Amino acid sequence: GQQLNQSPQSMFIQEGEDVSMNCTSSSIFNTWLWYKQDPGEGPVLLIALYKAGELTSNGRLTAQFGITRKDSFLNISASIPSDVGIYFCAGRPPGGSQGNLIFGKGTKLSVKP
Amino acid sequence: NAGVTQTPKFRVLKTGQSMTLLCAQDMNHEYMYWYRQDPGMGLRLIHYSVGEGTTAKGEVPDGYNVSRLKKQNFLLGLESAAPSQTSVYFCASSYRRQVQETQYFGPGTRLLVL
């Protein structure tokens, strides 16, 4: 089946630094979603993208739906300790038998205080 | 408004035992989903439901059964648990699928099969 390649798998950053992560696919998607999962919790939706080229912000977070519809990136500006967690991208392929979400394997973010 | 809730939060089973995980949502969502999350694997869809009385297989359905007798509840059953089913299980729900559908997740059920 379709897969998403999410990178990096993990990263350590200094507080105040900007962070960038991305997801790529060999096939197109109609929707890109970015979730954050805190330890012991379920994923929480951060940003949703519905059109190719769309750029959306949520506070210090910015995400873009790639023009080719095969990728998306998430940027976090001026990281703080509470940004720690696992970030997942999820994409929905067009049509098909289900059109269900496909998740990346996550980017684990750790911030040095 | 509790959103999506899951019970139990944690369970230990012996191989061959059975159990049912309960998911409940109070947002009047039509769609409900069960995922499993394993280290390094992300979230994988087990089964889903597009409405009361309907269910469908996801990516990894083997060893699981589901039922959606009421719109607000989605049950995941393990008839004969195996160690390979040790995982964290997440339920999610959403409004009827459309371009702007987004899924809301519960807090998870941690299952250990010995």
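Residues numbered from 1 in each chain as written. Chains lettered and ligands numbered in written order. Predicted model: local features only at pLDDT ≥ 70, side-chain atom pairs only at ≥ 80, totals over all residues. Heavy atoms only, no water.

> If you had to explain the environment of Phe29 of chain A to someone new, which residues and values would you point to?
Residues and elements named next belong to chain A. Considering the arrangement of structural elements, one finds Phe29 in the loop between strand E3 (19-24) and strand E4 (31-37). A sequence separation of 36 residues divides Phe29 from Phe65, and the C-alpha atoms of the two residues are 9.4 Å apart. Every residue in contact with Phe29, bar those within four places of it in the chain, is listed here: Leu4, Phe65, Arg69, Gly91, Arg92, Pro93, Pro94 and Ile102. (Helix = DSSP H or I, 4+ residues; strand = E, 2+ residues; numbered from the N terminus. Contact = heavy atoms within 4.5 Å.)

> Which residues make up the state of the cysteines, and what are the values?
Here the structure, examined in full by the defined rule, presents two disulfides over all chains. Two residues share a disulfide in this structure: Cys23 of chain A and Cys89 of chain A, whose sulfurs sit 1.7 Å from each other. The S-S bond linking Cys23 of chain A to Cys89 of chain A shows a torsion near -80 degrees; that makes this disulfide left-handed. On the criterion of sequence distance, the pair formed by Cys23 of chain A in strand E3 and Cys89 of chain A in strand E9 (residues 85-92) is long-range, its members being 66 residues apart. Between the sulfur of Cys23 of chain B and that of Cys91 of chain B lies a disulfide, 1.9 Å long from S to S. One disulfide, between Cys23 of chain B and Cys91 of chain B, carries an S-S torsion of -75 degrees and so falls in the left-handed class. Here Cys23 of chain B is found in strand E3 (residues 19-25), whereas its partner Cys91 of chain B is found in strand E9 (residues 87-94), with 68 residues between them in sequence. Of the two residues, Cys23 of chain B and Cys91 of chain B, both sit in the buried class. (Disulfide = S-S within 2.5 Å. Buried < 20%, exposed > 50% of the residue type's maximum accessible area, 1.4 Å probe, protein only.)

> If you had to explain the layout of surface pockets to someone new, which residues and values would you point to?
Taken as a whole, the second largest pocket encloses approximately 240 Å³ of empty space. If you trace the second largest pocket, you find 15 residues lining it, with Ile86 and Lys105 of chain A together with Pro39, Gly40 and Met41 of chain B closest to the centre. At the level of secondary structure, the elements contributing two or more residues to the lining of the second largest pocket comprise E9 and strand E11 (107-112) of chain A together with strand E4 (31-38) of chain B. Of the residues that constitute the lining of the second largest pocket, the class distribution is five nonpolar, seven polar and three charged. (1 Å grid on protein atoms, 1.4 Å probe; cavity = no way out; pocket = protein on both sides within 12 Å on 5 of 7 lines; lining within 4 Å. Points joined across faces, edges and corners; volume = space filled by probe spheres on them. Nonpolar A, V, L, I, M, F, W, Y, C, P; charged D, E, K, R; others polar.)

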